[in-house]
Every structure is written in C-alpha cells, then in structure tokens.
Amino acid sequence: MKKSFLFSLIALIALACVPLFVKDQYFMHISILILYYSLVSQAWNILSGYSGQFSFGHAAFFGTGAYTSSILLTKYSVSPWIGMLIGAVIAALIGLFIGFLSFRYKLRGAYFALGTLAFAEILRIIVQNSDYFNKTLGVLITINPEPLMYQFSTRVGYYYTILILTALATLLVYFISRSRLGYNLVAIRENEEAAQSLGVNTFKNKLVAISLSAALTAIGGTFYAQYILYIEPPTTFGNDVSVAILLPAIIGGMGTILGPFVGSLVIVPLGEMTAKIFGGFAGVHLMAYGIILVVVILFLPGGIVGWIQDRLRAKQMRRGD
Amino acid sequence: MSFGLFLQSLIDGLLMGGIYGLVAMGLTLIFGVMKIINFAQGALMMLGMYVTYWLFALIGLNPYLSIPLSALVLFGVGVLIQKGILSRMMDAPEHNQLLVTLGIMLFLENFALVLFSPDFRSIKIEGMPATLSVLSLNVHTAKLIAFIFAVVLAILLFWFLRSTFLGKAIRATSIERQGAALVGINTSKINYIAFGLGAALAAVAGSLITPFFYTSPDVGAAFILKAFVVVVLGGLGNFIGALVGGLMIGVAEALGGAVLPGSLKELMTYLIFILVLLFKPNGLFGGKAR
C-alpha cells in the first residue's frame, strides 16, 4: 500500500512538472482533456464502477454543473469557483432525488440505466424550453482571464486547475475504496441481497454513492463550461455526454482507482489521432470508439487495469505455488 | 382544445404510434429471446432507411417495393452481429451486453456518417397525395400506409410465434432457454434468427418512414429512446404490448404537442417512462415473448 502511495506521489509530481518542460499549446490542450475526462469518468466510477448501479444519464449532473455556474456568472456575476460548489450541491440533490426514486422502487441493471437516461433527457428538454436558460441558444461566457473568475490567460492555468481537481477526485475514490462505504458498495455490486442480509443498509449506501458521484460530475461540468466558454443543451445534457463520461472508465477498468485515468490516456489521444489522420471525415473517431468499446468488452471485460491486475494476480499465484 | 383539434391530434398520434410500435417490436423480440437490450436497434433502422433511400435515388425504386430487400439485408446484418459479437456475450453481465450494443451503435451511426455525410435526405413519391381528407380531418397518406403495415405485421408476427414450429421454438427459448435446449431446440440458431428478425423489423420500420421522415446517420437516435419507452410500457418481450405501447406513446405525444408549448411534448414520453418504470416495471401488459 505504501509503495502505491509513493508511486502515485511521483506520478503526480511528474504531471505537475509537465507545463515546465512542454510549451506546445496543442499538447497542453490534449493533457487538459485527458485529465478532464479522468475526472468525470472517476465520478461515474463511484456510482457505477464500485456500487454497480450502471448509469447512462450522468449528463444530468454534468449539465447541472455547467449550467448552474454559467447562469450564476452571466446573470449574477457570481464567480464560477462558488458556482462550481453550488452546482455540485444542486447536482447532489438531483442525484439524491433520482436515487431515491430508483432505489426505492428497486430499479436495477438495464432498468436503472434506462431510467437515468430518461431523467437526463427530461432535464435537457426542460432547459431547452426555458427562457431562463436561453432555450436552445445556450450560454456564452465572455472572456475574462482572471483566476478568481475561473479563467486563465494561458492553458497552464487550466491545466493546474484540472490536475488538482482530478487528483482530489482520485484521492477521494482511493479513500472510499478503503473505507467501510467502499466495502459496502462493492458488496452491493457483487450481491445486493447478500449484502443486505449481512446488515448493510444498501439503500443508504447507494444514495451516498449517487450524490457523491453527481457532485463530482457537476464539478467537471463547470470546468468544461469555463474552458470551452460556451454551453448548450445537447453538449451538456445530451446522451453523447453520458457516453463520453462512461467510456474512459469502461476502457480503463470500471471499479478500479486508476481505470478512468488509464482509459482517458488511451482514448483521448486516439480520438485526436484518428481525427487528424481522417480529418475530412467527421465521425471517424467515434467509429473507432465504437470498435474499441466492442473489442474491450469482448476481450478485456475488466478493462485495461482489470486485465493487468488479473495478470499480476496470476503471476503471484504461480510464484506462491 | 377544440374537439376537431383533439380528433386530429388523436389520429396523428395513432399513426405515428404505429411506427413506434414497429420499431419497438424488433427490440422486444430481441429482448424476449436473448435478454439483451439492443441499443443498436435505431442504427439498424437507419441502415434500412439508407437501403431504401439509395434504391430510390439510384434506380428509382418505390420505397414500398424496397421493403423486402431492406428487410433481407438487415436480417443478414443482424445475423452477422449475433454470430460475430453477441453470441460471445450471452453469459456476460447485463451492463456489458448493453455496452456492446452501444459500441455497435456508435460504429454503425458513424460509419453511415463517413459514407453518406450528415446530409438530410428525403424521398418524394410522385403521384401519391400527401394527405387524404376524411370528414374534414387530414390523414397523412404515408403515415397511414405505415400504420396499416405495422398492424398487419404485428398480427403476422403474433400468428408466426403462435402457430409455426419456428415461432413456437422462439417462444420456448424465450421462456426457458435450458428447457428448450433439452427438448432439442438449437437455441444458438434461434438467437441468430431472433436477432436477424429483430433487425429486419427495424429495417421495415425504416423503409416505411422514408417517405415522410428525413434519412440521416443519427435518425435512429430519435426513435431508439421512444422504442425503449414503448417496450417497457408494453412489457419486455410482448409484441402486442409493443404495438399498444407504441400507440399510447404516439397519442400522448400528439396530445401533448397540441397542449404544451415548444418541444415540451417530448416530456410526455419520458414522464410516462419513469412512471411505468417505477410503478409497473414489468409493463402494463406483462413480459416475455408472447
């Protein structure tokens, strides 16, 4: 355990040093995207990876984070740093509501997945039809490079912001995975009835998981809004967003601490590469994602990290004999 | 709402609902037999639409005449998907099955995008009146034809599952897979047929809507969510339920459209969905292929 901590610390320091050596803007952009996808996918991982409640509607929380901070900023001049926290709280409340209904009525597996999808769609339709949220026009955030307003004149500022947020999220998941909550969640994932019969309050634990997951996802939503400076209903509440959130964790390995990061490390550069090579064809990178998704599920159902873990375990077993 | 508007919305909703039912029938067949919720169903429908569109654009084939062809092509695509991918996934966890079909959907949609560009394409059939007037109500001709097809197909499928040997084998597999295998039914063959048939049904639905709905790579996405709603409403695996569920969603949407402003009518579908999920998760008419 100590070894893994030391390793993580070195990795974090290495990541923190990247902007000192690399000045290429495009490379910085890719690095920011990798960290940002790790963050939102890690958030999804808490609910779906650890507790096994497979969400197809995390766009609901993402969009809530993006819209809350953006509306607070553009309409009331509230700093997005504060907006980010308010968005996280609202998303957690929405998560509690969705979780309360779903878990109370025992929606499981595909039913839960489809249910969350429907909730995200409902939010999208409401935002899209409401004057307060500018309907389909979305929200344009004016450029104002001011760290206190969550905007930076260079990409380095965004890089450190997302690095810290992602590191904190990963640390949180690390602690969860070694806490009573984490053990309860895994027990729920493996066999809910058995967990319940052993005295685990599955309802409460699942509610904690969904609200934490929602809050973190919303934080990712605010970062996205401040980085891109423009949000609209389909790019924040749409199904594609939910898919983009779950993809890294699936590819990297759901239910593992490093899975979301490893997944983004693979998928973001790959998407950029295919987009560059086949620049004339929109959609090629999504085609590639589709193929990767199918191949990973067929051949590495535990994702990349899960596969490596299995390998290491097998090696240890052999040595043990 | 005036009575005339109410009747008009009702008719529009019923006609559209037939299409939803048709898309959902394929989905419910696949679920009933294989217990897989197929995210790619909308993408399969989209492929069927392109088969019809290109046959029309290149050799001027009437869309209704291309139905057998698009059904056949998509039957083949369905069997290929089942053989190549899903047959290896039969015992995998539910969410992994869901993800695989999601991957297939991503691939198919974007494959079509690369091949055919994102352009919206439409078909105009010469000589066919756009609407028929019945007692001062307007009936959309192409929608009416699609609706009639949907009802006839539902009845045919019902008969097929009840009265033919193959149909009975499919139902047996859907009810009790191991038992079916024990009495000598080749259940993996049944899977190919079920998935192929499900894909073919999606293709028929696709061909039927090309005369009044644009063809584009992401057109399936607009239908797949509704198809899920319809399937859950009708009970997973229930054909007649799928048709009735389709009609209900169609009517709810049309009436919602007449009353609610903007695109809020879409809310109807999802609200109904969540209510059914919460209170009647087995659907209004019960599950399993019947």
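Right above here is the structure, for reference.
Residues numbered from 1 in each chain as written. Chains lettered and ligands numbered in written order. Predicted model: local features only at pLDDT ≥ 70, side-chain atom pairs only at ≥ 80, totals over all residues. Heavy atoms only, no water.

Visitor: Describe the overall build of chain B, listing the residues and the values that go with them.
Guide: Looking only at helices and strands, chain B features 11 helices and 2 strands. Counting from the amino terminus, helix and strand elements in chain B follow one another as α-α-α-α-β-β-α-α-α-α-α-α-α. Computed over C-alpha atoms, the radius of gyration of chain B comes to 19 Å, within 12% of the 19 Å expected from 2.2 N^0.38 for 290 residues, which places it in the range of a compact globule. The C-alpha extent of chain B, read off along each of the three principal axes, is 60 × 45 × 35 Å. Within the span of chain B, comprising 290 residues, buried residues form 57% of the whole. (Helix = DSSP H or I, 4+ residues; strand = E, 2+ residues; numbered from the N terminus. Rg over C-alpha atoms; globule rule 2.2 N^0.38 Å. Buried < 20%, exposed > 50% of the residue type's maximum accessible area, 1.4 Å probe, protein only.)

Visitor: Which residues make up unusual backbone geometry, and what are the values?
Guide: All names here are of chain A. Residue Lys106 is not a glycine yet carries a positive backbone phi of 55°. Note that Lys106 resides in the loop between helix H4 (80–104) and helix H5 (109–128). Among the residues examined, Lys106 registers a relative accessible area of 58% and is labelled exposed. Residue Tyr150 is not a glycine yet carries a positive backbone phi of 65°. Note on placement: Tyr150 falls in the loop between strand S1 (139–140) and helix H6 (155–177).

Visitor: Would you mind going over the pairing of strand S1 (residues 131–134) of chain B in detail, with residue names and values included?
Guide: Residues and elements named next belong to chain B. As paired elements, S1 and strand S2 (residues 137–140) share 4 bridges and run antiparallel to each other. Within S2, the position partnered with Thr131 by the bridge is His140. Counted between consecutive antiparallel strands, the loop separating S1 from S2 contains 2 residues, among which Leu135 sits at a positive phi close to 50°. (Pairing = 2+ DSSP bridges.)

Visitor: Pulling in residues and values, what's your account of the interface of chain A and chain B?
Guide: Each partner contributes to the interface: chain A provides 40 residues, whereas chain B provides 37 residues. Roughly 3500 Å² of surface becomes buried between chain A and chain B when both sides are summed, with 83% attributable to carbon and sulfur atoms. Interface area lost by chain A to chain B is led by Tyr111, Leu114 and Met287 of chain A, which between them contribute 17%. A salt bridge links Arg124 of chain A to Glu266 of chain B; its shortest N-O distance comes to 3.6 Å. At the junction of chain A with chain B, the criterion picks out 2 residue pairs in polar contact (both at pLDDT 80 or more). Elements represented by at least two residues in the side of chain A that touches chain B include exactly H5, helix H11 (239–252) and helix H13 (284–299) of chain A. (Contact = heavy atoms within 4.5 Å. Buried area = accessible area lost by both parts, 1.4 Å probe. Salt bridge = Lys/Arg side-chain N within 4 Å of Asp/Glu carboxyl O. Polar contact = N/O pair within 3.5 Å; in protein donor to acceptor, adjacent residues only side chain to side chain.)

Visitor: Residues and numbers for a nonpolar patch on the surface, please.
Guide: Residue and element names in this part refer to chain B. A cluster of nonpolar side chains, namely Phe158, Ile240, Val244, Met248, Leu284 and Phe285, defines an oily patch on the protein surface of about 440 Å² accessible area. When residues in the nonpolar patch are grouped by element, the largest group, 3 residues, is from helix H10 (residues 239–259). Along the chain, Ile240 falls in helix H10. (Patch = residues over 30% accessible without salt bridge, like charges linked within 9 Å, V, L, I, M, F, W, Y side chains within 5 Å. Areas by Shrake-Rupley, 256 points an atom, 1.4 Å probe, with all protein chains shown as cover.)

Visitor: Explain the side chain of Thr269 of chain B residue by residue, including any values.
Guide: Within the element layout of this structure, Thr269 of chain B appears in helix H11 (residues 265–279). Leave out the neighbours within four places in its chain, and Thr269 of chain B touches Lys226, Val229, Ile249 and Glu253 of chain B.

Visitor: Help me get a handle on the packing of H5 of chain A against H11 of chain B, residues and values and all.
Guide: Look at H5 of chain A against H11 of chain B: their axes get within 9 Å of each other, and the N-to-C directions meet at 150°. When the axes of H5 of chain A and H11 of chain B are compared, the pair comes out roughly antiparallel. Relative to H11 of chain B, H5 of chain A is oriented so that their crossing is left-handed. Residue-level contacts link Tyr111, Leu114, Gly115, Ala118, Phe119, Glu121, Ile122, Arg124, Ile125 and Ile126 of chain A of H5 of chain A to Glu266, Leu267, Tyr270, Leu271, Phe273, Ile274 and Leu277 of chain B of H11 of chain B. For the contact of H5 of chain A with H11 of chain B, a count of residues per class yields 13 nonpolar, 1 polar and 3 charged. (Axes fitted to C-alpha atoms, helices over the stretch in contact; angles between N-to-C directions. Parallel < 35°, antiparallel > 145°, perpendicular 65-115°, else oblique. Left-handed = near helix turned anticlockwise from the far one by under 90°. Nonpolar A, V, L, I, M, F, W, Y, C, P; charged D, E, K, R; others polar.)

Visitor: So what about the packing of aromatic side chains? Which residues, and what values?
Guide: Residue and element names in this part refer to chain A. For the coordinates displayed, the defined rule picks out 32 aromatic pairs over all chains. Grouped by ring-pair contacts, the aromatic residues Tyr36, Tyr37, Phe62, Phe152, Tyr158, Phe223, Tyr224 and Tyr227 constitute a single cluster. Residue placement shows Lys75 over the ring face of Tyr132; its charged tip is 4.2 Å from the ring centre. (Phe/Tyr/Trp six-rings, centres within 6.5 Å; stacked < 30°, edge-to-face > 60°. Lys NZ or Arg CZ within 6 Å of the ring centre and 35° of its normal.)

Visitor: Please provide a residue-by-residue account of the pattern of salt bridges, values included.
Guide: Per the stated rule, a full pass over the model turns up 9 salt bridges over all chains. The partner of Arg189 of chain A in a salt bridge is Glu190 of chain A, and the shortest N-O contact between them spans 3.0 Å. Ionic pairing is found between Lys226 of chain B and Glu253 of chain B, a salt bridge with its closest N-O pair at 3.3 Å. Pair noted here: Lys226 of chain B is in helix H9 (residues 219–234) and Glu253 of chain B is in helix H10, with a separation of 27 residues, a long-range link. Glu253 of chain B gets classed as buried once you look at its relative accessible area, which sits at 9%. The network of salt bridges with shared partners includes Arg108, Glu192, Glu193 and Lys206 of chain A.

Visitor: An account of the environment of Ser197 of chain A is requested, with residue identities and associated values reported.
Guide: By secondary structure assignment, the location of Ser197 of chain A is in helix H8 (residues 192–197). Within the structure, the side chain of Ser197 of chain A is placed 2.7 Å from the backbone oxygen of Ala194 of chain A, a separation counted as a polar contact.

Visitor: Outline helix H3 (residues 67–84) of chain B, supporting the account with residue identities and numerical values.
Guide: The end-to-end C-alpha separation of H3 of chain B is 25 Å, in line with the 26 Å expected for 18 residues at 1.5 Å each. Along H3 of chain B, the positions that sit buried rather than exposed are Ile67, Ser70, Ala71, Leu74, Gly78, Val79, Ile81 and Gln82 of chain B. (Expected span 1.5 Å × (residues − 1).)

Visitor: Residues and numbers for the nonpolar core, please.
Guide: Core analysis: the largest hydrophobic core is formed by 192 residues, its most contacted members being Phe56 and Ile250 of chain A together with Met25 and Phe223 of chain B. In terms of residues, this core owes the most to one element, helix H2 (residues 25–50) of chain A, which gives 14 residues. When neighbours within four sequence positions are excluded, Met25 of chain B is seen to be in contact with Ala150, Ala154, Leu157, Leu201, Phe239, Ala242 and Leu243 of chain B. (Core = buried A, V, L, I, M, F, W, Y, C linked by side-chain atoms within 4.5 Å.)

Visitor: Could you give me a rundown of the environment of Val251 of chain B, with the residues and numbers involved?
Guide: Tracing the backbone shows Val251 of chain B in helix H10. Judged by relative accessible area, Val251 of chain B falls into the buried class, the value being 15%.

Visitor: Which residues make up a positive patch on the surface, and what are the values?
Guide: A contiguous patch of positive charge, built from Arg311, Lys315, Arg318 and Arg319 of chain A, is present on the exposed surface. Topologically, Lys315 of chain A is positioned in helix H14 (residues 303–320). (Lys, Arg positive; Asp, Glu negative; His and termini not counted. Charge placed at Lys NZ, Arg CZ, Asp CG, Glu CD.)

Visitor: Let's hear about the packing of helix H1 (residues 3–34) of chain B against H10 of chain B: which residues, and what values?
Guide: All names here are of chain B. Between H1 and H10, whose axes approach to 5 Å, the crossing angle comes to 145°. Between H1 and H10 lies a crossing whose hand is right-handed. The residue inventory of the contact of H1 with H10, partitioned by class, reads 17 nonpolar, 8 polar and 1 charged.

Visitor: Tell me about H4 of chain A, and name the residues and values.
Guide: Taking 1.5 Å as the rise per residue, H4 of chain A with 25 residues should run 36 Å; its terminal C-alpha atoms sit 34 Å apart, in good agreement. Just downstream of H4 of chain A, Lys106 of chain A is the residue with a positive phi angle, here 55°.

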